[in-house]
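Per-entry structural report
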Amino acid sequence: MKKNKTLRRVPLHDIKLSGQAIKHANETLKSGWLSPGPKVAAFEKALCEMMRTRYGAAVASATAGLELVLTSIGAQPGKEVVTTPLTFVGTIEAILSAGATPVFADIDPQSLNIDPDEVFRKITHHTIAVMPVDIAGYPADYRVLKKICDTKSVPLIADAAHSVGSAYRGKPIPGHTDAAVISFHATKNLTCGEGGMVLSKHKAIIDAVRIMSRHGLTSSAYQRKKAARWDYDAMYPGYKANMSEVHAAIGLGQLSVFQSDQEKRRRLAGRYMTGLSGLTEYIELPPQEKHCRHGWHLFIIKLRLSRLRIKRDTFIEKLAGYGVECGVHYKPIFELSYYREILGETGQYLPNATYAGRRIVTLPLYPGLKMTDVNYVCECIAKVIKQYGRK
Ligand SMILES: Cc1ncc(COP(=O)(O)O)c(C=O)c1O
């Protein structure tokens, strides 16, 4: 096939680190100290302030952070975690690695977040936590979830991997939970390259996570160096899951552009909303409610399949033909071979998640995206709909 040289390309992600991130990382690389030290401590403090939480522990990834939180509250075989099936595999891996069983509650078809009524139905005396995911950065229904968790005396632990820029009723996500875990993976709104952080009002959770993340040892190498004392003890069965000083340095640098990056994401999302507003007979736009501040990690549209003569995968292929790269966040977990096989009854087919999984499309959204790119994506969507929409 002949390549069209003039075809415009809009990738799904395009990661650009700030000058400050490169400067901080360079300083650290030359500092002679690469294990967790002052940059990790400064990054934890900065995130606690920004997310209005008392305590935070930086870890190697959100997946590791979720596993450590669950372990710290007593996850073990026989215990269950009620969660959404419309999530990244990391959520489920964390539950399984902590020894517990994921129990899926179906999603709300509009928000794509876990449906609190379903959560209520799925809680049993085996439930050790309820774990919502703020899909795309749109907050779950924390007021109702918290009421349910309080009534049932079950901790509310958020997989807040997408929601570093989100707020619910004016408060960042950790303030509605017993613990929330954010991700600094490469494509996230605030990146360190890789990394995560557990944020909580409970000091005991953060102390346990921090100690477990460094092999269960009472002190870090940096603390021992500062105190000129070599002695240490092991308090818990440990993991190697701490954040490195270099990753924290990148995160600190990225923090200096975080608010302006969020503003760019908001403006780009606003342009998508206007650009696609004439096509709502064929697609549904992301939810927007007054009490929810969307973090705009992802821009997810839902196809109205009955109004189109093509399926979602063909819709994505047609856009790729115009040079627009899209994604799917996510395939429901119970449709992935391994999980379908190993999860019992509790991890099976749910109708809303199945339907959503067939019609969602993630459009490009990142601070380096141009308004003209968004206009182009909207034009291409309009063309595909013109060709394949039912009259
Ligand atoms: C919803 C969700 N949970 C968990 C994770 C895992 O994050 P990490 O890569 O930091 O482990 C991701 C990563 O993309 C995610 O999207």
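Residues numbered from 1 in each chain as written. Predicted model: local features only at pLDDT ≥ 70, side-chain atom pairs only at ≥ 80, totals over all residues.

1. Notes on the overall build of the protein chain
Put simply, the test is: A run of H or I in DSSP counts as a helix once it spans at least four residues, and a run of E counts as a strand once it spans at least two, with each numbered from the N terminus. Computation of the radius of gyration draws on C-alpha atoms alone. For the globule rule, the value is 2.2 Å times the number of residues to the power 0.38. Exposure in this text rests on C-beta crowding, where 20 or more other C-beta atoms within 10 Å of a residue's own make it buried, 12 or fewer make it exposed, and counts in between make it partly exposed. The C-beta atoms are placed from the backbone. The contact criterion used here is simple: two residues whose C-beta atoms, placed from the backbone, lie within 7 Å are in contact.
The helix and strand inventory of the protein chain stands at 13 helices and 13 strands. Relative to a compact globule of 391 residues, whose C-alpha radius of gyration would be 21 Å, the protein chain shows 22 Å and is just as compact. In terms of principal-axis extent, the alpha carbons of the protein chain reach across some 75 × 50 × 40 Å. Burial analysis of the protein chain (391 residues in total) assigns 49% to the buried set. Summarising the internal contacts of the protein chain: among those between residues at least 6 apart in sequence, 73% fall at separations of at least 24.

2. Brief notes about helix 2 (residues 38-50)
The following threshold applies: What a helix should span is 1.5 Å times the count of its residues minus one. The arc in question is formed by the directions pointing from the helix axis toward the C-beta atoms.
In this model helix 2 runs 18 Å from its N-terminal to its C-terminal C-alpha over 13 residues, within 8% of the 18 Å that 1.5 Å per residue would give. Where helix 2 is concerned, the buried positions are Lys39, Val40, Phe43, Glu44 and Leu47. Projection of helix 2 onto a plane perpendicular to its axis shows the buried side chains occupying an angular sector of 135°, all on one side. Summarising the geometry of helix 2, the exposed residues directed more than 90 degrees from the buried face are Lys45 and Glu49.

3. Quick look at the site of the ligand
Our working rule: For each residue, a C-beta position is placed from the backbone atoms; the residue is near a molecule or strand when that point lies within 6 Å of it. Polar here means any residue other than Ala, Val, Leu, Ile, Met, Phe, Trp, Tyr, Cys and Pro, which are nonpolar, and Asp, Glu, Lys and Arg, which are charged; Gly is therefore polar.
Inspection of the region around the ligand gives 14 residues, with Ser61, Ala62, Thr63, Gly90 and Ser183 positioned closest. Of the residues in the shell around the ligand, the class split is four nonpolar, nine polar and one charged.

4. Looking at unusual backbone geometry
The residue after His329, namely Tyr330, is reached through a cis peptide bond having omega 15°. Here Tyr330 is to be found in the loop between helix 10 (312-321) and helix 11 (337-342). Not every positive phi belongs to a glycine, and Leu112 is a case in point at roughly 70°. You can see Leu112 is positioned in the loop between strand 3 (101-104) and helix 5 (116-122). Even without being a glycine, Trp296 presents a positive backbone phi close to 45°. Considering the arrangement of structural elements, one finds Trp296 in the loop between strand 11 (292-293) and strand 12 (299-303).

5. Examining the sheet that holds strand 7 (residues 171-172)
The following threshold applies: In this analysis, strands are considered paired if DSSP registers two or more bridges between them.
Spatial ordering of the open sheet is given by 7-6-11, a layout of three strands whose pairing is antiparallel. Each end of this open sheet is capped by a strand with a single partner; those strands are strand 7 and strand 11. Pairing between strand 6 (residues 167-168) and strand 7: two bridges, direction antiparallel. Bridge assignment links Ala167 to a residue of strand 7, and that residue is Pro172.

6. Some words on the sheet that holds strand 10 (residues 283-284)
Taken in spatial order, the three strands make up an open sheet running 10-12-13, and their pairing is antiparallel. Strands at the two margins of the open sheet, each flanked by one partner only, are strand 10 and strand 13 (360-363). Inspection of the sheet shows strand 10 paired to strand 12 by two bridges, in the antiparallel sense. When the sheet's bridge partners are listed, Glu284 is paired in strand 12 with Lys302.

7. Describing the domain arrangement of the protein chain
Inclusion rule: Domain borders in the structure are assigned automatically or taken from a domain database.
Once the domains are mapped, the protein chain shows domain 1 (19-255) and domain 2 (257-388). Placing the centre of domain 1 and that of domain 2 at their C-alpha centroids yields a distance of 26 Å. Facing the 34 residues of domain 1 at the interface are 33 residues of domain 2. Breaking the side of domain 1 that touches domain 2 down by element, the ones donating at least two residues are helix 4 (89-97), strand 3, strand 6 and helix 9 (245-275). Looking at the side of domain 1 that touches domain 2 element by element, the count peaks at four residues for strand 3.

8. Quick notes on the packing of helix 3 (residues 62-72) against helix 4
Two measures define how a pair of helices packs: the angle their axes make with one another and the distance between the axes. For the record, the criterion: To define axes, lines are fitted to C-alpha atoms, for helices over the stretch in contact only, and angles between the resulting N-to-C directions are given on a 0 to 180 degree scale. Crossing handedness: left-handed means the near helix sits turned counterclockwise from the far one by under a right angle, and right-handed means the same turn made clockwise.
One way to put it is that helix 3 packs onto helix 4 with a least axis distance of 8 Å and a crossing angle of 35°. In the crossing of helix 3 with helix 4, the sense of the turn from one axis to the other is right-handed. Facing helix 3, whose interface residues are Ala62, Thr63, Leu66, Glu67 and Leu70, helix 4 presents Gly90, Thr91, Glu93, Ala94, Ile95 and Ser97.

9. Description of the packing of helix 3 against helix 7 (residues 203-213)
Just so we agree on the cut-off: Note on angle classes: values under 35 degrees are labelled roughly parallel, values over 145 roughly antiparallel, values of 65 to 115 roughly perpendicular, and the remainder oblique.
One way to put it is that helix 3 packs onto helix 7 with a least axis distance of 9 Å and a crossing angle of 120°. By the angle between their axes, helix 3 is oblique relative to helix 7. In the crossing of helix 3 with helix 7, the sense of the turn from one axis to the other is right-handed. Where helix 3 approaches helix 7, its residues Gly65, Leu68, Val69, Thr71 and Ser72 are matched on the opposing element by Ile205, Ala208, Val209, Met212 and Ser213. Class assignment of the residues belonging to the contact of helix 3 with helix 7 gives a composition of six nonpolar, four polar and no charged.

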